[in-house]
Amino acid sequence: MPTGDKYSYVKNKHLIKRCLSYFVPYKFRIFVAFVSMGFVAAATAATAYLIQPAMDDIFINKDRQALMLVPIAFVLVMLIKGVFRFLQSYLMNTAGLLVLERLRNDLFEKIVCLPMGFFEESQVGMLMSRILNDVMEIRQSLPSFVMMIREVVTIIGLIGLVFYRDPYLACFAVLVLPLAIFPFFYFGRKLRKLGRKNQVKISDINAQLQEAFSGVKVIKAFANEKLESGKFEVENNRLVRIAIKQVLHSELSSRVMEIVGAFGIGLVLWYGGKEVIDGNSTPGTFFSFIAALIMLYEPVKKINNANLTIQRAFAGAERVFEILDSPDIHVEKGGSTELELPFEKLEIKNLTFSYSSSDRPVLDNINLDVTAGQKVAIVGPSGSGKTTLVNLIPRFYDSADGKILLNGRNLGEYSLKSLRLNIGMVSQDTFLFNASVRDNIAYVDHGASEDNVIKAAQTAFAHEFIEKLPEGYETVVGERGVRLSGGQKQRLTIARALLKNPPLLILDEATSALDTEAERIVQLALENLMKDRTSIVIAHRLSTVLSADVIVVMEKGKIVSKGTHKELLETSPLYQKLYNMQFQDNH
């Protein structure tokens, strides 16, 4: 076996095994479907068998007893076929839908537990396509596989019947069957390759749509609707071209199978007709044979169609199990120790960090201590590594160089849940779910009492504007909180952090995107949030951190100085520069 074919065989075997593993919990349904399949195959052969007594006994010999029995037998056979065909189709399709549910659940559970780095390298639309479209293709795999087996059993029954009727004539009929193997495999490979391209292109379109609709305000601001429509048309046209090729190969496959069948039937008509004319066979026997032969080529075509469906399923399975089974894609893992209160100390020692896409360290040998009750501010020009540093504390990223200790233990020793539930984060990039105001505030605890939710909103100076909303706390805020102003959204995120009640608080330029009036209200809310907590504040406006216990000045991934506001004005040229830029109007 050539190396490429061997790899493809091993890969196919793995995909089949993984797909079938999802059907194992529904093995009773599948067993009943298989039994039903046997009855359907037997009934199909019996239908062809009944043509001979119908022709010879009723129409030629005019037998009245046969006139009564054969129609009854025909109705019974069709009734049996109908009942068991229904059972088989219903059970297999419901099993497929249940597998679809499990696969989507497993895939979402895996993806949502992956580290932040994975999401930065993946398009949201692509991930959506894996969960929605690729999984849908896998759903069809077992029903199609079972249909292939059913049709194989039907073929065996019908071949047995044609050899029983006339062995010599049957040889003419099955002579051309080997020719059907060529289109079966040739077009199957082509369609699998096209199926893979189709799934990739659907992912691309999903990603483009998600990006366009999320950034529709920017598109309109630059009057670029035509440009975006043109880009979509190009991608959509590529998808259609792939689909046209799929239709071409699918139709060619079916037509080749029909032509192969026509050759077989042509040979039988010539030889069988000659035998009837010469008196060596009866018309009933011949037409029973022909009926069985026509029925024989039908399942061959169905096997071909099922194979095409399975090839598409393989294309989807490759993309789904690429995420579920890849040794390179790991879910986040925490330790077994639960983080216990109170918060005592955070220590950052010799920390160096680089993103996978970066050729230089974003953080270079950082050393910093934060003790209980302190307010530590981090300032510096854009790109100095401030946000990256605070994102390492809740382990959104992990660094291989250096340590971060919390209460004397390495962060990796704590369970992720206990670590993150004890850290509150409020950033300039507010995110609200398309749910009610209450659900957004109580995201940390959906069972929170109404009084606790209202108290958190009042402390965040949000209660007053919430009460004025159409449905108060039950008002749905829209996607990403689109129905609220920037200041209102920020106050809801502060209320959410207050309800979480974390001992360690991280504020990442939480007011930098707000106007002066909104900033004033949000700053009051933040002061309430920081009360009696240890806080790390990334500040764009120095006016918000002048009273910090320690101000850390960063530049190009390094800490260049530390101290109080007064100390830094005397000792840090960079801090002096930042201060003068913001307060020059006062000099």
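None of these values were measured; they are calculated from a predicted model.

A. Up close: the nonpolar core. In terms of nonpolar packing, the biggest core is built from 45 residues, with Val379, Ile441, Ile466, Leu492, Ile494 and Leu529 touching the most fellow members. Sequence-distant contacts of valine 379, that is, excluding residues within four places in its chain, are made with Lys386, Ala539, Leu542, Val545, Ile551, Val552, Val553, Met554, Tyr575 and Leu578. In terms of nonpolar packing, the next biggest core, distinct from the first, is built from 37 residues, Ile30, Ile131, Ile303 and Leu324 among them.

B. Structural context of the sheet that holds strand S5 (residues 409-410). Overall, antiparallel pairing links the four strands, which are arranged S2-S1-S4-S5 in an open sheet. Each having just a single partner strand, strand S2 (363-371) and S5 make up the two edges of the open sheet. Judged from the five bridges that link them, strand S1 (residues 345-353) and strand S4 (residues 401-406) form a sheet pairing that is antiparallel. Bridging from a neighbouring strand, leucine 346 pairs with leucine 406 of S4.

C. Focus on the packing of helix H16 (residues 450-459) against helix H18 (residues 486-500). Across the interface, H16 lies against H18 with an axial gap of 8 Å and an inter-helix angle of 125°. One finds that H16 runs oblique with respect to H18. Here H16 runs over H18; the crossing is right-handed. Mapping the contact onto sequence places Asn452, Val453, Ala456, Ala457 and Thr459 in H16 and Ala495, Leu498 and Leu499 in H18. For the contact of H16 with H18, the class distribution of residues is six nonpolar, two polar and no charged.

D. Examining the sheet that holds strand S8 (residues 534-538) more closely. Read from one edge of the open sheet, six strands run S6-S7-S8-S3-S9-S10, paired in mixed fashion. Of all strands in the sheet, those bounded by a partner on one side alone are strand S6 (423-427) and strand S10 (558-563). Sheet twist, expressed as the average angle between the axes of neighbouring strands with direction ignored, equals 15°. Of the pairings in the sheet, the one linking strand S9 (residues 550-555) to S10 comprises five bridges and is antiparallel in character. Its bridge partner being in S10, methionine 554 is matched across the sheet by isoleucine 559. Lying on the sheet, helix H21 (residues 573-583) is in contact with strand S3 (375-379), S9 and S10; it crosses S9 at an angle near 95°.

E. Structural context of H21. Along H21, the residues classified as buried are Leu574, Tyr575, Leu578, Tyr579 and Phe583. What you see down the axis of H21 is that its buried residues fit within an arc of 145°, all on one side. In H21, the exposed positions angled more than 90 degrees off the buried face are occupied by Pro573, Lys577 and Met581.

F. View of a positive patch on the surface. Residues Arg189, Lys190, Lys193, Lys197, Arg241 and Lys245 make up a contiguous surface patch of positive charge. Breaking the positive patch down by element, the ones donating at least two residues are helix H9 (181-214) and helix H11 (225-277). For the positive patch, the element with the most residues is H9, which contributes four residues. Positionally, arginine 241 belongs in helix H11. Given the relative accessible area of 46%, arginine 241 is considered partly exposed.

Procedures and definitions
Residues numbered from 1 in each chain as written. Predicted model: local features only at pLDDT ≥ 70, side-chain atom pairs only at ≥ 80, totals over all residues. Heavy atoms only, no water. Core = buried A, V, L, I, M, F, W, Y, C linked by side-chain atoms within 4.5 Å. Buried < 20%, exposed > 50% of the residue type's maximum accessible area, 1.4 Å probe, protein only. Contact = heavy atoms within 4.5 Å. Pairing = 2+ DSSP bridges. Helix = DSSP H or I, 4+ residues; strand = E, 2+ residues; numbered from the N terminus. Axes fitted to C-alpha atoms, helices over the stretch in contact; angles between N-to-C directions. Parallel < 35°, antiparallel > 145°, perpendicular 65-115°, else oblique. Left-handed = near helix turned anticlockwise from the far one by under 90°. Nonpolar A, V, L, I, M, F, W, Y, C, P; charged D, E, K, R; others polar. Arc of directions from axis to C-beta. Patch = residues over 30% accessible without salt bridge, like charges linked within 9 Å, V, L, I, M, F, W, Y side chains within 5 Å. Areas by Shrake-Rupley, 256 points an atom, 1.4 Å probe, with all protein chains shown as cover. Salt bridge = Lys/Arg side-chain N within 4 Å of Asp/Glu carboxyl O. Lys, Arg positive; Asp, Glu negative; His and termini not counted. Charge placed at Lys NZ, Arg CZ, Asp CG, Glu CD.

Coordinates in, geometry out; function isn't part of it.
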